[in-house]
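Next come the chains, spelled out residue by residue.
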Amino acid sequence: MELKFINKIKSLFNLKPDPSKIEEEVDIFEQGELKEEISSKLSKEEISRYSRILHTNDNKAYEKTQSGLCFTVIGSIFLIIAVLFFILSFVKQTNVIVGINVFSMQFYIFIISVVIGGLSLTYGLYKTITSHLRRKIYQKEINILAKLKD
(Lines give C-alpha, C1' and ligand atoms only; values in the text may rest on other atoms or scores of the structure.)
Protein backbone atom coordinates (compact mmCIF):
# COMPACT_ATOMS: atom_id res chain seq x y z
CA MET A 1 0.00 0.00 0.00
CA GLU A 2 1.28 3.43 -0.86
CA LEU A 3 1.27 4.95 2.62
CA LYS A 4 2.97 8.15 1.49
CA PHE A 5 0.07 8.75 -0.90
CA ILE A 6 -2.45 8.04 1.84
CA ASN A 7 -0.74 10.48 4.20
CA LYS A 8 -0.62 13.02 1.35
CA ILE A 9 -4.38 12.67 0.89
CA LYS A 10 -4.91 13.07 4.62
CA SER A 11 -2.80 16.23 4.66
CA LEU A 12 -4.70 17.63 1.65
CA PHE A 13 -7.99 17.36 3.47
CA ASN A 14 -6.69 18.47 6.85
CA LEU A 15 -6.67 14.97 8.27
CA LYS A 16 -3.71 14.29 10.50
CA PRO A 17 -1.62 11.34 9.31
CA ASP A 18 -1.19 8.63 11.88
CA PRO A 19 2.58 8.53 12.60
CA SER A 20 2.39 4.98 13.93
CA LYS A 21 1.29 3.71 10.52
CA ILE A 22 3.91 5.43 8.38
CA GLU A 23 6.34 2.51 8.50
CA GLU A 24 3.80 -0.30 8.83
CA GLU A 25 2.66 -2.40 5.89
CA VAL A 26 -1.04 -2.32 6.70
CA ASP A 27 -3.97 -2.12 4.32
CA ILE A 28 -5.82 0.81 5.82
CA PHE A 29 -8.83 0.28 3.59
CA GLU A 30 -9.49 -3.09 5.19
CA GLN A 31 -9.74 -1.36 8.53
CA GLY A 32 -12.06 1.26 7.04
CA GLU A 33 -10.43 4.20 8.83
CA LEU A 34 -9.19 6.16 5.85
CA LYS A 35 -12.23 5.38 3.72
CA GLU A 36 -14.57 6.87 6.31
CA GLU A 37 -12.36 9.90 6.98
CA ILE A 38 -11.86 10.84 3.34
CA SER A 39 -15.38 9.93 2.25
CA SER A 40 -16.73 12.35 4.83
CA LYS A 41 -14.49 15.14 3.50
CA LEU A 42 -14.93 14.45 -0.24
CA SER A 43 -18.04 14.32 -2.31
CA LYS A 44 -18.42 11.78 -5.09
CA GLU A 45 -17.96 14.56 -7.65
CA GLU A 46 -14.58 15.53 -6.18
CA ILE A 47 -13.44 11.91 -6.14
CA SER A 48 -14.59 11.54 -9.77
CA ARG A 49 -12.78 14.74 -10.78
CA TYR A 50 -9.55 13.58 -9.17
CA SER A 51 -10.01 10.18 -10.78
CA ARG A 52 -10.37 11.81 -14.22
CA ILE A 53 -7.18 13.80 -13.63
CA LEU A 54 -5.34 10.62 -12.64
CA HIS A 55 -6.63 8.77 -15.71
CA THR A 56 -5.48 11.64 -17.95
CA ASN A 57 -2.02 11.55 -16.36
CA ASP A 58 -1.97 7.75 -16.71
CA ASN A 59 -2.75 8.05 -20.44
CA LYS A 60 0.02 10.65 -20.89
CA ALA A 61 2.50 8.38 -19.10
CA TYR A 62 1.42 5.48 -21.34
CA GLU A 63 2.01 7.60 -24.44
CA LYS A 64 5.45 8.62 -23.16
CA THR A 65 6.25 4.95 -22.55
CA GLN A 66 5.29 4.14 -26.13
CA SER A 67 7.35 7.08 -27.40
CA GLY A 68 10.34 5.82 -25.42
CA LEU A 69 9.94 2.38 -26.96
CA CYS A 70 9.96 3.99 -30.43
CA PHE A 71 13.23 5.78 -29.63
CA THR A 72 14.66 2.48 -28.40
CA VAL A 73 13.76 0.71 -31.65
CA ILE A 74 15.10 3.55 -33.80
CA GLY A 75 18.35 3.57 -31.81
CA SER A 76 18.70 -0.18 -32.25
CA ILE A 77 18.20 0.14 -36.00
CA PHE A 78 20.87 2.84 -36.22
CA LEU A 79 23.30 0.65 -34.26
CA ILE A 80 22.68 -2.26 -36.66
CA ILE A 81 23.35 0.08 -39.59
CA ALA A 82 26.54 1.23 -37.85
CA VAL A 83 27.78 -2.35 -37.55
CA LEU A 84 27.16 -2.92 -41.26
CA PHE A 85 29.05 0.21 -42.26
CA PHE A 86 31.87 -0.68 -39.87
CA ILE A 87 32.28 -3.98 -41.72
CA LEU A 88 32.19 -2.11 -45.05
CA SER A 89 34.98 0.21 -43.92
CA PHE A 90 37.56 -2.61 -43.74
CA VAL A 91 40.34 -2.48 -46.36
CA LYS A 92 41.16 -5.74 -48.17
CA GLN A 93 44.15 -6.62 -50.27
CA THR A 94 44.13 -9.98 -52.02
CA ASN A 95 41.42 -11.41 -49.74
CA VAL A 96 43.26 -10.39 -46.54
CA ILE A 97 41.88 -7.70 -44.25
CA VAL A 98 44.60 -5.08 -43.82
CA GLY A 99 42.82 -2.59 -41.55
CA ILE A 100 40.14 0.05 -41.38
CA ASN A 101 40.11 2.96 -43.79
CA VAL A 102 39.24 5.85 -41.46
CA PHE A 103 39.05 8.30 -44.36
CA SER A 104 36.31 6.44 -46.24
CA MET A 105 32.67 7.46 -46.44
CA GLN A 106 31.64 4.14 -44.85
CA PHE A 107 33.63 4.92 -41.71
CA TYR A 108 32.05 8.39 -41.41
CA ILE A 109 28.57 6.88 -41.76
CA PHE A 110 29.57 4.34 -39.10
CA ILE A 111 30.56 7.10 -36.66
CA ILE A 112 27.41 9.13 -37.30
CA SER A 113 25.20 6.03 -36.93
CA VAL A 114 26.86 5.04 -33.66
CA VAL A 115 26.33 8.51 -32.21
CA ILE A 116 22.69 8.80 -33.32
CA GLY A 117 21.91 5.20 -32.35
CA GLY A 118 23.58 5.43 -28.95
CA LEU A 119 21.84 8.69 -28.05
CA SER A 120 18.47 7.49 -29.29
CA LEU A 121 18.76 4.15 -27.50
CA THR A 122 19.83 5.78 -24.24
CA TYR A 123 17.08 8.40 -24.37
CA GLY A 124 14.47 5.79 -25.29
CA LEU A 125 15.41 3.47 -22.43
CA TYR A 126 15.44 6.36 -19.95
CA LYS A 127 12.05 7.64 -21.12
CA THR A 128 10.52 4.17 -21.14
CA ILE A 129 11.66 3.30 -17.63
CA THR A 130 10.75 6.62 -16.00
CA SER A 131 7.34 6.78 -17.69
CA HIS A 132 6.57 3.19 -16.77
CA LEU A 133 7.42 3.83 -13.11
CA ARG A 134 5.31 6.99 -13.10
CA ARG A 135 2.44 5.06 -14.66
CA LYS A 136 2.60 2.45 -11.90
CA ILE A 137 2.22 5.23 -9.31
CA TYR A 138 -0.82 6.64 -11.13
CA GLN A 139 -2.39 3.20 -11.29
CA LYS A 140 -1.92 2.70 -7.54
CA GLU A 141 -3.60 6.05 -6.89
CA ILE A 142 -6.45 5.13 -9.24
CA ASN A 143 -6.95 1.85 -7.37
CA ILE A 144 -7.07 3.73 -4.06
CA LEU A 145 -9.71 6.10 -5.42
CA ALA A 146 -11.69 3.17 -6.82
CA LYS A 147 -11.87 1.78 -3.29
CA LEU A 148 -13.12 5.18 -2.07
CA LYS A 149 -15.94 5.26 -4.63
CA ASP A 150 -17.42 2.01 -3.36
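As for the overall build of the protein
The number of helices and strands found in the protein is five helices and two strands. When burial is assessed residue by residue, the protein has 27% of its 150 residues classed as buried. Across the protein, every contact between residues at least 6 apart in sequence was considered, and the portion connecting residues at least 24 apart equals 71%. If you sum the accessible surface of the protein, you get close to 10200 Å²; carbon and sulfur atoms cover 63% of it.

Some points on the pairing of strand E1 (residues 90-93)
Across four bridges, the pairing between E1 and strand E2 (residues 96-100) is antiparallel. Looking across to E2, one finds that lysine 92 is bridged to isoleucine 97. If you look at the hairpin formed by E1 and E2, you'll find two residues sitting between the two strands, and threonine 94 has a positive phi there, around 45 degrees.

Description of the environment of threonine 56
Within the secondary structure, threonine 56 sits in helix H4 (residues 44-88). Taking the C-alpha atoms as reference points, threonine 56 and tyrosine 138, separated by 82 residues in sequence, lie 9.7 Å from one another.

Describing the packing of aromatic side chains
Applying the stated rule across the entire model yields four aromatic pairs. With a centroid separation of 5.2 Å and 65 degrees between ring planes, the pair formed by phenylalanine 86 and phenylalanine 90 is classed as edge-to-face. Of the residues examined, phenylalanine 90 reaches a relative accessible area of 27% and is grouped as partly exposed. Between phenylalanine 107 and phenylalanine 110, the aromatic rings sit 5.7 Å apart at their centres with planes inclined by 45 degrees, giving tilted as the arrangement. With phenylalanine 107 and phenylalanine 110 both in helix H5 (residues 105-149) and three residues apart, this pair spans about one turn of that helix. When sorted by exposure, phenylalanine 107 lands in the same class as phenylalanine 110, which is buried.

Here we look at a nonpolar patch on the surface
On the surface, a cluster of nonpolar side chains totalling about 540 Å² of accessible area is made up of Ile100, Val102, Phe103, Met105 and Tyr108. As for its placement among the helices and strands, methionine 105 is situated in helix H5. The exposure class of methionine 105 is exposed, given its relative accessible area of 58%.

Points about the packing of H4 against H5
Contact pair H4 / H5: the axes reach a minimum separation of 5 Å and the direction vectors enclose 160 degrees. What the angle tells us is that H4 and H5 run roughly antiparallel. Handedness of the crossing formed by H4 with H5: left-handed. The residue makeup of the contact of H4 with H5, split by class, is 26 nonpolar, 20 polar and eight charged.

Let's talk about the side chain of serine 51
Relative to the assigned elements, serine 51 resides in helix H4. Residue contacts for serine 51: discarding those within four places in its chain leaves Leu145 and Lys149.

Comments concerning the confidence of the model for the protein
Looking at the protein as a whole, the pLDDT averages 80, with 72% of positions reaching at least 70. Taken as a whole, residues 21-32 scores under 50 in pLDDT and shows 23 contacts with residues more than four places along the chain or in a different chain.

A word on the environment of asparagine 143
Along the chain, asparagine 143 falls in helix H5. Asparagine 143 sits in the partly exposed class, given a relative accessible area of 48%. Spatially, the C-alpha atom of asparagine 143 lies 9.5 Å from that of serine 51, the residues being 92 residues apart in sequence.

Conventions and cut-offs
- Residues numbered from 1 in each chain as written.
- Predicted model: local features only at pLDDT ≥ 70, side-chain atom pairs only at ≥ 80, totals over all residues.
- Heavy atoms only, no water.
- Helix = DSSP H or I, 4+ residues; strand = E, 2+ residues; numbered from the N terminus.
- Buried < 20%, exposed > 50% of the residue type's maximum accessible area, 1.4 Å probe, protein only.
- Contact = heavy atoms within 4.5 Å.
- Areas by Shrake-Rupley, 256 points an atom, 1.4 Å probe, with all protein chains shown as cover.
- Pairing = 2+ DSSP bridges.
- Phe/Tyr/Trp six-rings, centres within 6.5 Å; stacked < 30°, edge-to-face > 60°.
- Patch = residues over 30% accessible without salt bridge, like charges linked within 9 Å, V, L, I, M, F, W, Y side chains within 5 Å.
- Salt bridge = Lys/Arg side-chain N within 4 Å of Asp/Glu carboxyl O.
- Axes fitted to C-alpha atoms, helices over the stretch in contact; angles between N-to-C directions.
- Parallel < 35°, antiparallel > 145°, perpendicular 65-115°, else oblique.
- Left-handed = near helix turned anticlockwise from the far one by under 90°.
- Nonpolar A, V, L, I, M, F, W, Y, C, P; charged D, E, K, R; others polar.
- pLDDT = per-residue confidence, 0-100.

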